[in-house]
Amino acid sequence: MQSNVLELINIDRRSTVNYSQQVKENMKALILDRTLYYKTDLPTQDELAAHLNVSVKVINEAYEQLVQERYIKIKNGTYRVSYIELTNYFFDRNTAIYDAVIALGLTPSIECLSKKVVTLDSETMERMGFSDSPDGKFFYINRLYYGDNQPIIILENYLPLHVFPGIEFNFKGHEPLNDYIFAHYGFKAALSKRVTKAVNLSQKIAGLLNERTNAASIQSTNKIYDAKGRMIDYGRSFSISSYYFQALITKAERDKYTKEN
Amino acid sequence: MMDYIHINKLITKSIYKQIADSITEAIDKGELQYNDKLPTEKEICQLFSISQTVVKKAYEQLILDGKIRRIKGKGTYVTNRDVIKTDLHSFYNFEIMNQENESKITKETIILDRSNKDISSIRELKLKNDEKYYLIVNLFKSKHNPILLQRIYLPMKYYKKLDTLFDSNFDIFQLIEHTYHYDFTHMHSSFSPINASKADSLLLNIEADDALYLVRTKMIDSKDNVICYICNYYPGEFTEFEVTVHAI
């Protein structure tokens, strides 16, 4: 066990806050400011109890609470940080998830859960924002993105077949989509309009993301356009990861926005 | 009582759509209100002698439309609270939210305190263990429904005599820039999904464990001090953030 993790945790015996709460809040703060990074192993309950000179029960309670709040997970008897934040550029630039996973320092991989051609009725297309499909035919893919073999985000895409002729035969399913589109069709996504909200995970999606049913997640729907303003993709994702974004809203930007509105 | 559901089997309009439309209409007219319980699928199919698949389809449509929700083990409920749509680049500015949603947003301060108990906030504010902060807890409502629970942490050393100056109508930017003359340069936010605690769910009038959007914001001044830390809890079901992102 790295001794440095132990050194980071302390308790204040004069405080009116109980010890397990203090341990939990200490750990949480270290995880949120990324002193304890994704996948860091935590000390065993015995080690930490001995270090802080408290009962093992105190540490057990703190760890259980952190599992409940989904900051840590237990694997093969070891508690490990499971909290993860996608980098800011994933949010405010149109970055491929694949690249965002690499930016986290993880090895990305993609599992294709489903790929098929679907026909959508005009009402559904309108809701998604597609206005010009001649036949309502779309290539549908549903894929799970992993970082170091841990599921991070599940993403469905609807790609109009008249924009991507032949994709249903040639796209295997596990390739990064943006690169594939550029290599085969010669254009890129230029703009993405996103709506995100917090939702509870259904049993099915929770199972795929290795989370409990009802775990809070971020649902994001994306309408993606090319440089000519043509809508080329509708995507919907669920992720338990946080988005660390908008690192800066400067005073100047805020004043400008306030004036405009 | 389910007199708001009307079915005419003699017309071509599909029955599931008739059910979905009648319930939508009842919600729009106010006959059905937020948190009203709807009949079970079985009750509807017995009363109208229709198959349960049809009712199921109607309810699924209404769930997709965001009109109703199922609570496991309890039943199906109306969920027509206003959804607040906010541009991510201005999420902190409630005056703008007011204009865009055309509904009056009210703010109540429910707690004003001095403390040093919240370890995460102490760290975010770069305070020492014995340094205290002011805690202000605000609840924002739209049409009597809570839309935001806000905890504001202000280090006491930067806000001398705040207790005597405090006014529940204060605007946080006003306070920082005009009352205390800090040269606020930027703010730093991160967005994460969390499950509502029992206490937070009571304040926000949602179920415990419902998804919340937690937005943590740090405000930094020209001396690189963290002059304010805010935790905003938005009920997930009623808040959408919109953002337009450009490729690089």
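Residues numbered from 1 in each chain as written. Chains lettered and ligands numbered in written order. Predicted model: local features only at pLDDT ≥ 70, side-chain atom pairs only at ≥ 80, totals over all residues. Heavy atoms only, no water.

> Please set out the overall build of chain A residue by residue, giving values where relevant.
The helix and strand inventory of chain A stands at eleven helices and ten strands. Buried positions account for 52% of the 261 residues belonging to chain A. Of the accessible surface of chain A, which amounts to about 12400 Å², a share of 48% is contributed by carbon and sulfur atoms. (Helix = DSSP H or I, 4+ residues; strand = E, 2+ residues; numbered from the N terminus. Buried < 20%, exposed > 50% of the residue type's maximum accessible area, 1.4 Å probe, protein only. Areas by Shrake-Rupley, 256 points an atom, 1.4 Å probe, with all protein chains shown as cover.)

> Please set out the pattern of salt bridges residue by residue, giving values where relevant.
Evaluation of the coordinates by the stated rule reveals 26 salt bridges over all chains. Residues Arg 236 of chain A and Glu 156 of chain A are paired through a salt bridge, measuring 3.0 Å at the closest nitrogen-oxygen approach. You can see Arg 236 of chain A sitting in strand β9 (residues 231-239) and its partner Glu 156 of chain A sitting in strand β6 (residues 150-160), a full 80 residues away along the chain. Of the charged contacts in the structure, one is a salt bridge between Glu 237 of chain B and Arg 69 of chain B, with a shortest N-O distance of 3.6 Å. Within this pair, whereas Glu 237 of chain B is found in the loop between β10 (226-235) and β11 (239-246), its partner Arg 69 of chain B is found in strand β2 (residues 68-71), the two being separated by 168 residues in sequence. Judged by relative accessible area, Arg 69 of chain B falls into the buried class, the value being 16%. Counted as one network, the salt bridges with shared partners bring together Lys 24, Glu 25, Lys 28 and Glu 69 of chain A. (Salt bridge = Lys/Arg side-chain N within 4 Å of Asp/Glu carboxyl O.)

> Give a description of the nonpolar core that names residues and reports values.
Residues Val 23, Met 27, Leu 48, Ile 59 and Tyr 63 of chain A are the most contacted members of the largest nonpolar core, which totals 25 residues. When residues of this core are traced back to their parent elements, those giving at least two are α1 (3-8), α2 (19-32), α3 (45-52), α4 (56-68) and β2 (78-81) of chain A. Once residues within four sequence positions are removed from consideration, Met 27 of chain A is found in contact with Ile 9, Leu 36, Leu 42, Pro 43, Leu 48, Tyr 63 and Leu 66 of chain A. Counting residues in hydrophobic clusters, the runner-up holds 22 residues, among them Tyr 34, Ile 122, Tyr 133 and Val 137 of chain B. (Core = buried A, V, L, I, M, F, W, Y, C linked by side-chain atoms within 4.5 Å. Contact = heavy atoms within 4.5 Å.)

> How would you summarise the confidence of the model for chain A if you had to cite specific residues and measurements?
Mean pLDDT over chain A works out to 85, with 87% of the residues at or above the 70 mark. Low confidence marks residues 244-248 of chain A, where pLDDT is under 50. Its contacts with residues over four positions away, or in another chain, come to 24 contacts. (pLDDT = per-residue confidence, 0-100.)

> Lay out the layout of surface pockets in plain terms, naming residues and giving numbers.
In this structure, the second largest pocket occupies an estimated 980 Å³ of space. A breakdown of the residues in the lining of the second largest pocket according to their chemical character gives 15 nonpolar, eight polar and 13 charged. (1 Å grid on protein atoms, 1.4 Å probe; cavity = no way out; pocket = protein on both sides within 12 Å on 5 of 7 lines; lining within 4 Å. Points joined across faces, edges and corners; volume = space filled by probe spheres on them. Nonpolar A, V, L, I, M, F, W, Y, C, P; charged D, E, K, R; others polar.)

> With reference to specific residues and values, describe the sheet that holds strand β3 (residues 75-78) of chain B.
Adjacent strands of a sheet form backbone hydrogen bonds with each other and so pair up, either parallel or antiparallel. All names here are of chain B. The sheet built from three strands is open, its strands ordered β1-β3-β2 with antiparallel pairing. If you trace the sheet from one side to the other, it starts and ends with β1 (37-38) and β2, each paired once. Of the strand pairs in this sheet, β1 and β3 are connected by two bridges, and their pairing is antiparallel. Following the sheet pairing, Leu 38 is matched in β3 by Thr 76. Strands in contact with helix α3 (residues 52-64) are β1, β2 and β3; relative to β2, the strand with the most contacts, it is inclined by about 110°. (Pairing = 2+ DSSP bridges. Axes fitted to C-alpha atoms, helices over the stretch in contact; angles between N-to-C directions.)

> So what's going on with the packing of aromatic side chains? Which residues, and what values?
One pass over the structure, following the stated rule, counts 20 aromatic pairs over all chains. When the ring of Tyr 159 of chain B is compared with that of Tyr 180 of chain B, the centres are 5.0 Å apart and the planes differ by 75°; the resulting orientation is edge-to-face. Of the two residues, Tyr 159 of chain B sits in the loop between β7 (145-155) and α6 (162-165) while Tyr 180 of chain B sits in the loop between α7 (172-179) and β8 (184-195), which places them 21 residues apart along the sequence. Each of the two residues, Tyr 159 of chain B as well as Tyr 180 of chain B, counts as buried. Grouping aromatic residues by their ring pairs yields a cluster made of Tyr 158, Tyr 159, Tyr 180 and Tyr 182 of chain B. Of note, Arg 230 of chain A hangs over the ring of Phe 187 of chain A, and the distance from its end group to the ring centre comes to 5.1 Å. Over the ring of Tyr 16 of chain B we find Lys 57 of chain B; its NZ or CZ atom is 4.3 Å from the centre of that ring. (Phe/Tyr/Trp six-rings, centres within 6.5 Å; stacked < 30°, edge-to-face > 60°. Lys NZ or Arg CZ within 6 Å of the ring centre and 35° of its normal.)

> Could you give an account of the side chain of Thr 239 of chain B, naming the residues involved and the relevant values?
Examined against the element boundaries, Thr 239 of chain B turns out to sit in strand β11. Look at Thr 239 of chain B and you get buried, because its relative accessible area is 2%. Among the polar contacts made by the side chain of Thr 239 of chain B, one reaches the main-chain carbonyl oxygen of Pro 235 of chain B at a distance of 2.9 Å. With residues near it in sequence (within four places) discarded, Thr 239 of chain B still touches Thr 196 and Lys 197 of chain A together with Val 83, Ile 84, Ile 147 and Tyr 234 of chain B. (Polar contact = N/O pair within 3.5 Å; in protein donor to acceptor, adjacent residues only side chain to side chain.)

> Got a sec to walk through α3 of chain B? Specific residues and values, please.
The end-to-end C-alpha distance of α3 of chain B is 18 Å, a good match for the 18 Å that 13 residues give at a rise of 1.5 Å each. Within α3 of chain B the residues assigned to the buried category are Val 55, Ala 58, Tyr 59, Gln 61 and Leu 62 of chain B. Along the axis of α3 of chain B, the buried positions cluster into a sector of 155°, meaning they face one direction only. In α3 of chain B, the exposed positions that point more than 90 degrees away from the buried face belong to Thr 53 and Leu 64 of chain B. Here the buried face of α3 of chain B lies against α7 (122-128) of chain A together with α1 (15-29), β1, α2 (41-48), β2 and β3 of chain B. Among the residues trailing α3 of chain B, Gly 66 of chain B stands out with phi positive, at a value near 75°. (Expected span 1.5 Å × (residues − 1). Arc of directions from axis to C-beta.)

> Please provide a residue-by-residue account of the side chain of Asp 226 of chain A, values included.
Checked against the element boundaries, Asp 226 of chain A lands in strand β8 (residues 216-226). Polar side-chain contacts of Asp 226 of chain A include one of 3.0 Å to the backbone nitrogen of Lys 228 of chain A.

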